[in-house]
Amino acid sequence: MLVKMYTRENCSFCYAAKRLLTKRGISYQEILLGGEAIKEREMREMTGGNAVPQILIDGKAIGGYMELVELDMEGELDRKSVV
């Protein structure tokens, strides 16, 4: 499973998403948005979202932290991590 996550510093939802992925043993690529217009435009084009975190799993935008939690509660993160 390939996880890519757009984040900002001092974002509690970003921190919680990283913590959940780490707890599940899922590695991820973090793209820290530091006011760089190119990265922010890339995030909007790839995810359709403006708020962070924006998370992609295997190239598919799933949304943010709440959607990640929903996947976890449904057992999808465990299934995806095995693949």
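Up top is the structure these notes are about.
Throughout what follows, the structure given in this document is the object of discussion. (Residues numbered from 1 in each chain as written. Predicted model: local features only at pLDDT ≥ 70, side-chain atom pairs only at ≥ 80, totals over all residues. Heavy atoms only, no water.)

### Some words on the overall build of the protein chain
This is how it is decided: Counting from the N terminus, the helices are DSSP H or I runs at least four residues long and the strands are E runs at least two residues long. This radius of gyration counts C-alpha atoms alone. The globule rule is 2.2 Å times how many residues there are, raised to the power 0.38. Classification of residues uses two cut-offs on accessible area relative to the type maximum, computed with a 1.4 Å probe and protein chains only: under 20% is buried, over 50% is exposed, and between them is partly exposed. Whether two residues are in contact is decided by their heavy atoms, any of which lying within 4.5 Å being enough. Each accessible area is a Shrake-Rupley result for a 1.4 Å probe, and residues are judged covered by the shown protein chains and nothing else. His is not counted, nor are the chain ends, whereas Lys and Arg count as positive and Asp and Glu as negative. Each charge is placed at NZ for Lys, CZ for Arg, CG for Asp and CD for Glu.
In terms of regular secondary structure, the protein chain is built from four helices and four strands. Listing the helices and strands of the protein chain from first to last along the sequence gives β-α-β-α-β-β-α-α. Relative to a compact globule of 83 residues, whose C-alpha radius of gyration would be 12 Å, the protein chain shows 12 Å and is just as compact. Summarising its shape, the C-alpha atoms of the protein chain cover approximately 35 × 25 × 20 Å along the three principal directions. Taking all 83 residues of the protein chain together, the buried fraction comes to 36%. Long-range pairs, those at least 24 residues apart, make up 59% of the contacts in the protein chain with a sequence separation of at least 6. In the structure as shown, the protein chain presents an accessible area of about 5200 Å², 50% of it carried by carbon and sulfur atoms. For the protein chain, the separation between the mean place of its 12 positive charges and that of its 13 negative charges on side chains is 2 Å.

### Concerning the packing of helix H1 (residues 12–23) against helix H3 (residues 65–73)
Under the convention used in this document: Here, axes are lines fitted to C-alpha atoms. For helices the fit covers the stretch in contact, and angles between N-to-C directions go from 0 to 180 degrees. For classification, angles of less than 35 degrees are called roughly parallel, those exceeding 145 degrees roughly antiparallel, those between 65 and 115 degrees roughly perpendicular, and all remaining angles oblique. Two helices that cross are described as forming a left-handed crossing if the nearer one is turned anticlockwise from the farther one by less than a right angle, and a right-handed crossing if clockwise. When residue character is reported, Ala, Val, Leu, Ile, Met, Phe, Trp, Tyr, Cys and Pro are called nonpolar, Asp, Glu, Lys and Arg charged, and the others, Gly included, polar.
At a closest axis distance of 9 Å, the pairing of H1 and H3 adopts a crossing angle of 25 degrees. By the angle class used here, H1 and H3 are roughly parallel. For the crossing formed where H1 meets H3, the hand is left-handed. Contacts from Phe13, Ala16, Ala17, Leu20 and Leu21 of H1 reach H3 at Tyr65, Leu68, Val69 and Asp72. Of the residues assigned to the contact of H1 with H3, the class counts are eight nonpolar, no polar and one charged.

### What to know about the pattern of salt bridges
To keep it simple, the criterion reads: The rule for a salt bridge is simple: a side-chain nitrogen of Lys or Arg has to be within 4 Å of a carboxyl oxygen of Asp or Glu.
Scanning the entire structure with this criterion turns up four salt bridges. Glu40 is the partner of Arg8 in a salt bridge, and the nearest nitrogen-oxygen pair spans 3.3 Å. Linking Arg8 in the loop between strand S1 (3–7) and H1 with Glu40 in helix H2 (residues 37–47), this pair joins segments that are 32 residues apart in sequence. The shortest N-O distance in the salt bridge between Glu36 and Lys39 comes to 3.5 Å. Judged by its relative accessible area of 41%, Glu36 falls in the partly exposed class. A residue is classified by how much of its surface remains accessible, and Lys39, at 28% relative accessible area, is partly exposed.

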